[in-house]
Amino acid sequence: MSAPAARSPYAPTGIWVGIEAAGALVLACLWILPLLFAVWAAFHATEDTTRFALTAPLTLENFRRAWEAAPFARYFLNTFVLVTLILVCQFVLCTLAAYAFARFSFVGREIAFALVLAQLMIMPDVLIVENYRTMSRLGLVDTIPGIALPYVASAFGIFLLRQTFRTIPRELDDAARVEGASALQTLWKVYVPLARPIYVAYGLVSVSFHWNNFLWPLIITNSVEARPLTVGLQIFSSGDQGVDWSVICAATLMTSAPLLIGFLLFQRQFVQSFIRAGIR
Amino acid sequence: MDRRHFIAGTGAALGLGLSRPAWAQAPTEVSFYFPVAVGGPITKIIDGYAADFSKENPSIKVTPTYAGTYQETIVKVLTAHKSGTPPTLSVLLSTDMFTMIDEDAVSPFDSFLKGPDDQAWLKGFYPAFMLNSQTEGKTWGIPFQRSTIVLYWNKDLFREAGLDPEKAPATWAEHLAFAEKLTKRDGAGNTTQWGTQIPSTGFAYWLLQAMAIQSGAILANQEGNRTAFDDPGALEALTYLVDLSRKHKVMAPGTIDWGTTPRDFFERKTAMMWTTTGNLTNVRNNAKFPFGVAILPANKRRGSPTGGGNFYLSKKAKPAEQEAAVKFVRWMTQPERAAKWSIDTGYVAISPAAYETAAMKDYAAAFPPAAVARDQLQYAAAELSTHENQRVTKALEDNIQAALNGSKAPDRALKDAQAEAERVLKPYR
Amino acid sequence: MTTRARDTLIGWALLAPAMTLLVAFTHWPALASLIESFYSTARPRRPARFVGTANYEQILADPVFWQAFSNNLLYAAGTIPVSIALAILMAVWVNDRIPGRTFARVAYFTPTVLPMIAVANIWLFFFTPGYGLLEQITGAFGLPSHNWLGSPETALAAVTVVAIWKEAGFFMIFYLAALQAIPPVLAEAASLEGASRWTFFRRVQFPLLMPTTLFVLINAVINAFRMIDQIIVMTRGGPDNATTLVLFYIYQVGFSFWDTAYAAALTVVLLALLGLVAFVQYGILERRVHYR
């Protein structure tokens, strides 16, 4: 944490530290309970899953079964490629569009902006049937770009960046132009750096959304080569035979571990970059 | 379909179009979607079958794709059908037959079964399974992973309750009497162990249908355009189900989850459960107590609907692909393979011949429950299957749940379900 | 070339890639849904025909739709305020220097990285009657057993709790960043004037968090109408439609009943609903920007 220069006069003191810490910890324990259960179930035999006897023997059998049941390394790679692809494309496309809306008064701007806003609330999840048809015409069914494409032009990203770009003083813009910078150069040199906090915040929204997105990837993918983690995890979902929590938990842990560990290691830097940027 | 398949498929098509010149060695592609209701390793078994088949038939390449649950598989097959490139072959619920016909997504097998040995093969399946596979005089589905409902009971708990651990309830009255003895309550009035459990999510209509058959009711006609949910037999069935829970309190209140039911049984939370025979291997692996498997108890008669999945042939596939797929289906349903599949999963082997194989005979001798589902087939009836099947079964399922939760009386619930089914099915008459 | 012409050229050039995709994957399919909603569902044996507003009349008379609609409002009313309030509370707590702060922060954030489709199965265990975790805890206190997901009275609340659990920690991150961006001098000034901690929060911190709240609110509203993964796993809309939400119903009508025209009409209704919410929120956001 960027150590605050002085203690805030409203920081808890005395007994309040204890009360607040207790409250925070109780809530934290509640919040982490599903993860704790996942760890318990993943390392215990099926019959011990639901009985919390500390003496129950530990086992790695569930991980073996889960690992054998599905190519998780591949699924992880697919999800990673998917999330990265979406994020990079979103940044580029949304930046360009937001810049157009924020700084150019062009013919048809109001209509174009209204068209963008219309998507603010229309989730591609709702338009699955039509989008599937389009993908199939484009030959993109069962490909990672096929999963990504409907989400790339994000009204949310355009809107957010436009709001930020509008708060940037025009003088900076003009100064850059006087120096002979083109529109794209100005965008890259002036606007993008100043909007970094928004990129971080939006990036987090986007990554967490697409990491966990399920319905559309379920429909559009068929093969191991394109299937992301969430769809791969469906293998263990409740079917004819009922749920087997130990294997589900082992699979969940395996697939979430990289992200969890990543957050654990970098959470300070992560929150700090948010703060330095100060998303408001 | 990825690009590799596409190119290979185009190659095959060109090869056929050019009157099969000698250089066109590209094998015929059969894409095959299947659901797995029985956990991970099964996908490997199917992959193995496909590889073995292609080894024996180098001119055909079967590409199996695990497509999720039954529901997810039909979603994939029909979305792919509507947009152009459906899999040549798929395994879907036998009750999806009318849906597949209505969507014009399925080709009957008949045109590929001209010879006398073909007809003999078709006759080789248990007739009960063909009920949901044939309509309008055509065969639309070939049985693959089929099931019926059976009763599982915990012999230890029977012994504790002073019941004969080797004797399952044979009638509804016995089932209730046993369940009453098997229900345990603690001092505070909380139930620690339930007598019986009949799940009411996911497949509620299926379990109710079993009781309706036992009460002499047939819930739908063979044309799939008329239901009889308000039949007195159906009312008897729903009343019995609701009374188990609300009146006699020998079954947990509210709706009972299909997915957690086997676990409830393993946890000794319930002494008996009704569920698919497809669960047999699961129960065998996970129940840490001696258990029994029995034919469902009788009311007026014995009975259970069949269930499970059939092979379907895509209408949009090319004739050569369809023919290759039929060859694969015949290979998959050979007695030895059907026996192996049944042993691995617990599903009912689909033909009497499969039960005559050495492997199956040895297995049934060492593990008698494996033969129970087969023995029940003589009482089996077609599973509820109509046009707009999912909508009709949902109407029934919602109302079963309403009755179990006490928001509707059983007769009101069934009348509502029937009214909705009438509305949906009217255009199909 | 005039400035206006030049701006138009550059503006549209910048906009073109995003606009192309928006039209292809949002406007066109939405329009196609609207058109389709005035036709009957095409079946191979009965081609689609124009039916006017028949599908919409069916929606008005469809008890399941109305139940899904009211369920969805309850679901939104449950998840949005509670998850935002919890997110603020979490952020305030982990912003203070209390012991175990890092642990708490990580704990709050974990739901974000666990895929809902998998976690819903874990929650299914929590709610299972008899031996589920919740029952083991309430049982230890001698409370009676309850079938949380199997009773219409509690099933919707149960899936709402899962949604809150999933969202609150995610929103916390935004509030945490915003809290830390508040200049410390404000706290000093307020304390010199003798403001209580609650007054400081209510009069200084909370108003300064408003922009974050709006940002979070948009996310929360979208999620309230699109988060259905846990319903697919835990209840499939049951018992007796007690947990059917609008999007889940659309999925069911479209992909179980294959009644695409009716699904299209339902989609149009949902889009109109969301459009209305978007419109209102956009108005608020714009006002905020002008206010600044």
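Bear in mind the structure is a predicted one, so any value in this text is a computation, not a measurement.

The rules behind the values
- Residues numbered from 1 in each chain as written.
- Chains lettered and ligands numbered in written order.
- Predicted model: local features only at pLDDT ≥ 70, side-chain atom pairs only at ≥ 80, totals over all residues.
- Helix = DSSP H or I, 4+ residues; strand = E, 2+ residues; numbered from the N terminus.
- Rg over C-alpha atoms; globule rule 2.2 N^0.38 Å.
- Buried ≥ 20, exposed ≤ 12 C-beta atoms within 10 Å, placed from the backbone.
- Contact = placed C-beta atoms within 7 Å.
- Domains from an automatic or database assignment.
- Core = buried A, V, L, I, M, F, W, Y, C linked by C-beta atoms within 7 Å.
- Nonpolar A, V, L, I, M, F, W, Y, C, P; charged D, E, K, R; others polar.
- pLDDT = per-residue confidence, 0-100.
- Pairing = 2+ DSSP bridges.
- Axes fitted to C-alpha atoms, helices over the stretch in contact; angles between N-to-C directions.
- Parallel < 35°, antiparallel > 145°, perpendicular 65-115°, else oblique.
- Left-handed = near helix turned anticlockwise from the far one by under 90°.

K.L.:
Outline the overall build of chain B, listing residues and values.
P.N.:
The number of helices and strands found in chain B is 19 helices and 13 strands. For 429 residues, the compact-globule estimate of 2.2 N^0.38 gives 22 Å, and chain B sits close to it at 23 Å. Here chain B holds 429 residues, and 57% of them are scored as buried. For chain B, the share of sequence-separated contacts (at least 6 apart) that also reach a separation of at least 24 residues comes to 73%.

K.L.:
Outline the overall build of chain C, supporting the account with residue identities and numerical values.
P.N.:
Scanning chain C from N- to C-terminus turns up 12 helices and 0 strands. Listing the helices and strands of chain C from first to last along the sequence gives α-α-α-α-α-α-α-α-α-α-α-α. Over its C-alpha trace chain C gives a radius of gyration of 24 Å, far above what one expects of a compact globule, namely 19 Å for 292 residues. The C-alpha extent of chain C, read off along each of the three principal axes, is 80 × 75 × 30 Å. Residue pairs in contact within chain C that sit at least 24 positions apart in sequence constitute 69% of those at least 6 positions apart.

K.L.:
I'd love a proper account of the domain arrangement of chain C, names of residues and values included.
P.N.:
Residue and element names in this part refer to chain C. Domain annotation of chain C identifies domain 1 (1–36) and domain 2 (65–117 + 152–291). Using only C-alpha atoms to locate each centre, domain 1 and domain 2 end up separated by 31 Å. With 4 residues of domain 1 at the contact, the number on the domain 2 side is 6 residues.

K.L.:
Tell me about the nonpolar core, and please be specific about residues and values.
P.N.:
Residues Ala97(A) and Ala87(C) are the most contacted members of the largest nonpolar core, which totals 303 residues. With 17 residues, helix H7 (residues 152–180) of chain C is the largest single contributor of residues to this core. Discounting chain neighbours no more than four positions away, the residues touching Ala97(A) are Ile158(A), Leu14(C), Leu15(C) and Ala18(C).

K.L.:
Before we move on, can you summarise the interface of chain B and chain C with the specific residues and values?
P.N.:
Contacts between the two partners involve 30 residues from chain B and, on the opposite side, 25 residues from chain C. Counting residues per element, the ones that place at least two in the side of chain B that touches chain C are helix H3 (70–83), helix H4 (97–102) and helix H18 (389–404) of chain B. A breakdown of the residues in the side of chain B that touches chain C according to their chemical character gives 7 nonpolar, 13 polar and 10 charged.

K.L.:
How would you explain helix H5 (residues 128–138) of chain A if you had to name every residue and give the values?
P.N.:
Residues and elements named next belong to chain A. In terms of residue burial, H5 counts as a mostly covered element, since 8 of its 11 residues are buried. By the burial criterion, the buried members of H5 are Ile128, Val129, Glu130, Asn131, Tyr132, Thr134, Met135 and Ser136. Looking at the residues trailing H5, positive phi occurs at Gly139, about 70 degrees.

K.L.:
How would you explain the confidence of the model for chain B if you had to name every residue and give the values?
P.N.:
Per-residue pLDDT for chain B has a mean of 88; in total, 93% of the residues score no lower than 70. Between residues 1–24 of chain B, whose pLDDT stays under 50, and residues either more than four places distant or in other chains, the model counts 23 contacts.

K.L.:
Can you explain the pairing of strand E12 (residues 304–314) of chain B? Please cite residues and give values.
P.N.:
Residue and element names in this part refer to chain B. The buried fraction of E12 amounts to 11 of the 11 residues, a majority that puts the element mostly inside the structure. As paired strands, strand E3 (residues 89–93) and E12 are joined by 5 bridges and run antiparallel to one another. In the strand pairing of E12, Leu92 is matched with Asn310. By the bridge criterion, 2 bridges tie strand E4 (residues 106–107) to E12 in an arrangement that is antiparallel. Counted as the bridge partner of Val106 is Ser314 from E12. Bridge analysis of strand E7 (residues 142–154) against E12 gives 6 bridges, and the strand direction is antiparallel. Its bridge partner lying in E12, Gln145 is registered against Gly309.

K.L.:
Before we move on, could you go through the domain arrangement of chain B and cite the residues and values that matter?
P.N.:
Residue and element names in this part refer to chain B. In terms of domains, chain B is made up of domain 1 (3–146 + 307–370) and domain 2 (148–306 + 382–428). Here the C-alpha centre of domain 2 lies 31 Å away from the C-alpha centre of domain 1. Opposite the 24 residues of domain 1 that make contact, domain 2 presents 22 residues. At the level of secondary structure, the elements contributing two or more residues to the side of domain 1 that touches domain 2 comprise H4, helix H6 (127–130), E12 and helix H14 (335–345). Examining the composition of the side of domain 1 that touches domain 2, we find that 4 residues originate from one element, H4, more than from any other. Class assignment of the residues belonging to the side of domain 1 that touches domain 2 gives a composition of 11 nonpolar, 9 polar and 4 charged.

K.L.:
Quick one: what's the story with the packing of helix H8 (residues 170–178) of chain A against helix H9 (residues 183–194) of chain A, residue by residue and with numbers?
P.N.:
Residue and element names in this part refer to chain A. Interaxial distance between H8 and H9 falls to 10 Å at its minimum, and their mutual angle equals 135 degrees. With respect to their mutual orientation, H8 and H9 come out oblique. The hand of the H8/H9 crossing is right-handed. Within the contact between the two elements, H8 uses Leu172, Asp173, Ala176 and Arg177 and H9 uses Thr186, Lys189 and Val190. Taken together, the residues of the contact of H8 with H9 break down into 3 nonpolar, 1 polar and 3 charged.

K.L.:
Give me the packing of H5(A) against helix H1 (residues 3–36) of chain C: which residues, what numbers.
P.N.:
Relative to each other, H5(A) and H1(C) sit at 120 degrees, their axes nearing to 9 Å. Viewed along their axes, H5(A) and H1(C) adopt a mutual orientation that is oblique. Between H5(A) and H1(C) lies a crossing of right-handed hand. Mapping the contact onto sequence places Glu130(A), Asn131(A) and Thr134(A) in H5(A) and Ala24(C), Phe25(C), Pro29(C), Ala32(C) and Ser33(C) in H1(C). Considering only residue class, the contact of H5(A) with H1(C) consists of 4 nonpolar, 3 polar and 1 charged.

K.L.:
Give a description of the pairing of strand E10 (residues 272–276) of chain B that names residues and reports values.
P.N.:
Residue and element names in this part refer to chain B. For E10, the tally of buried residues reaches 5 of 5 residues, placing the bulk of the element in the interior. In terms of strand pairing, E7 meets E10 through 5 bridges, oriented antiparallel. The residue bridging Val150 from the neighbouring strand is Thr275, located in E10.

K.L.:
Describe the environment of Ala220(B), listing the residues and the values that go with them.
P.N.:
Residues and elements named next belong to chain B. Locating Ala220 in the fold gives a position in the loop between helix H9 (204–214) and helix H10 (232–246). The spacing of Ala220 and Glu29 is 191 residues in sequence and 38 Å in space, taken between C-alpha atoms. Beyond its immediate sequence surroundings of up to four residues, Ala220 is in contact with Arg226, Thr227, Leu384, Ser385 and Thr386.

K.L.:
For unusual backbone geometry, give the residues involved together with the corresponding values.
P.N.:
In the Ramachandran plot, Asp142(A) falls in the positive-phi region, its phi being about 65 degrees despite a non-glycine side chain. Examined against the element boundaries, Asp142(A) turns out to sit in the loop between H5 and helix H6 (144–152). The exposure class assigned to Asp142(A) is buried, which follows from the 23 C-beta atoms found within 10 Å. A positive phi is found at Arg268(B), a non-glycine position, where the angle reads about 60 degrees. Mapped onto the secondary structure, Arg268(B) falls in the loop between helix H11 (261–266) and E10.

K.L.:
Talk me through the confidence of the model for chain C; I want residue IDs and the actual numbers.
P.N.:
All names here are of chain C. On average, chain C scores 86 in pLDDT, and the residues at 70 or more come to 96%. Confidence scores differ between elements of chain C, with helix H12 (residues 260–291) showing the lowest mean pLDDT of 76 and helix H3 (residues 63–95) the highest of 93. Across the predicted assembly, pTM comes out at 0.87 and ipTM at 0.81.

K.L.:
Any chance you could break down the environment of Ser54(B) for me, citing the residues and the numbers?
P.N.:
Residues and elements named next belong to chain B. The residue Ser54 is located in helix H2 (residues 41–56) in this model. For Ser54, a count of 17 C-beta atoms within 10 Å translates into the label partly exposed. Considering only alpha carbons, one finds Ser54 and Phe328, 274 residues apart in sequence, at a separation of 9.1 Å. Those residues within four positions of Ser54 in sequence are excluded, and the remaining contacts are Ile60, Lys61 and Val62.

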